[in-house]
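Residues per chain are reported as follows:
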Amino acid sequence: MKALDELIEKGIYKPEEVYIQSAYYDYIPQKAKYCKLLPPDEFIYLIKTASVVITHAGVNSILTCMQQNKHFLVVPRLKQYGEHVDNHQKEIAQVMEEQFNVLVLKDTSNLADYIQMASTHTYIPWKPNNQALLASLIEFLDN
């Protein structure tokens, strides 16, 4: 969020071009539009109308972007910055990068370049596999 504020301050983006939803940080963006939480229908609307979405490495957030066919960039929340209790988001991001060619930002000093790359980046679309999910659930319940 700080990196986005810095890009706005440098004039790379206008404040009205950046909308941040984040309920997990004490930092409040100074330049971008911001809210803690949005109702699901507003959240989907903003994703649909965005040119590029920057998301944490939550599976639901990534899949929502894919389902909406959006250009997006994944920025995992990390333990070392006190953003999470462990680095499972880093692991999720790595899997999504390897299996779906998702664009993952590892250094926020490259944010502007990665936003530009995300605007044209092609990832492998996620397609639900209900049979595999059902088999996994049955196996889990049998154990």
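Everything numeric in this text was worked out from a predicted model, so none of it was measured.

Novice: Describe the packing of helix α1 (residues 2-9) against helix α5 (residues 111-118), with residues and values.
Specialist: α5 packs onto α1 with a crossing angle of 90 degrees between their chain directions and a minimal axis gap of 10 Å. With respect to each other, α1 and α5 are oriented roughly perpendicular. The residues of α5 that touch α1, namely those facing A3, L4 and L7, are L111, A112 and I115. Its residues placed into classes, the contact of α1 with α5 shows six nonpolar, no polar and no charged.

Novice: Explain the nonpolar core residue by residue, including any values.
Specialist: Formed by 15 residues in total, the largest nonpolar core has its most connected members in I62, M66, F72, V74, M96 and V102. Taken together, the elements giving at least two residues each to this core come down to α3 (59-67), β4 (72-74) and α4 (88-100). The element best represented in this core is α3, accounting for four residues. I62 has contacts with T55, H56, A57, F72, V74, I92 and M96, leaving out every residue within four places of it along the chain.

Novice: Residues and numbers for the environment of V104, please.
Specialist: Summarising the element assignment, V104 is placed in the loop between α4 and α5. On the basis of relative accessibility, which here comes to 5%, the residue V104 falls in the buried class. Discounting residues that sit within four places of it in the chain, V104 has contacts with L73, V74, P76, A93, E97 and Y114.

Novice: Give me the lowdown on the environment of V18, citing residues and values where you can.
Specialist: Considering the arrangement of structural elements, one finds V18 in the loop between α1 and β1 (19-21). Through-space distance from the C-alpha of V18 to that of I8 is 8.4 Å; in sequence the pair is ten residues apart. With residues near it in sequence (within four places) discarded, V18 still touches L4, I8, Y13, A32 and K33.

Novice: Please give an account of the packing of α3 against α4 that cites residues and values.
Specialist: At a closest axis distance of 11 Å, the pairing of α3 and α4 adopts a crossing angle of 30 degrees. By the angle class used here, α3 and α4 are roughly parallel. Pair α3 / α4 crosses with right-handed handedness. Contacts between α3 and α4 involve V59, I62, L63 and M66 on the former and, on the latter, I92, M96 and F100. Here the contact of α3 with α4 is built from residues that sort into seven nonpolar, no polar and no charged.

Cut-off values and rules
- Residues numbered from 1 in each chain as written.
- Predicted model: local features only at pLDDT ≥ 70, side-chain atom pairs only at ≥ 80, totals over all residues.
- Heavy atoms only, no water.
- Axes fitted to C-alpha atoms, helices over the stretch in contact; angles between N-to-C directions.
- Helix = DSSP H or I, 4+ residues; strand = E, 2+ residues; numbered from the N terminus.
- Parallel < 35°, antiparallel > 145°, perpendicular 65-115°, else oblique.
- Contact = heavy atoms within 4.5 Å.
- Nonpolar A, V, L, I, M, F, W, Y, C, P; charged D, E, K, R; others polar.
- Core = buried A, V, L, I, M, F, W, Y, C linked by side-chain atoms within 4.5 Å.
- Buried < 20%, exposed > 50% of the residue type's maximum accessible area, 1.4 Å probe, protein only.
- Left-handed = near helix turned anticlockwise from the far one by under 90°.

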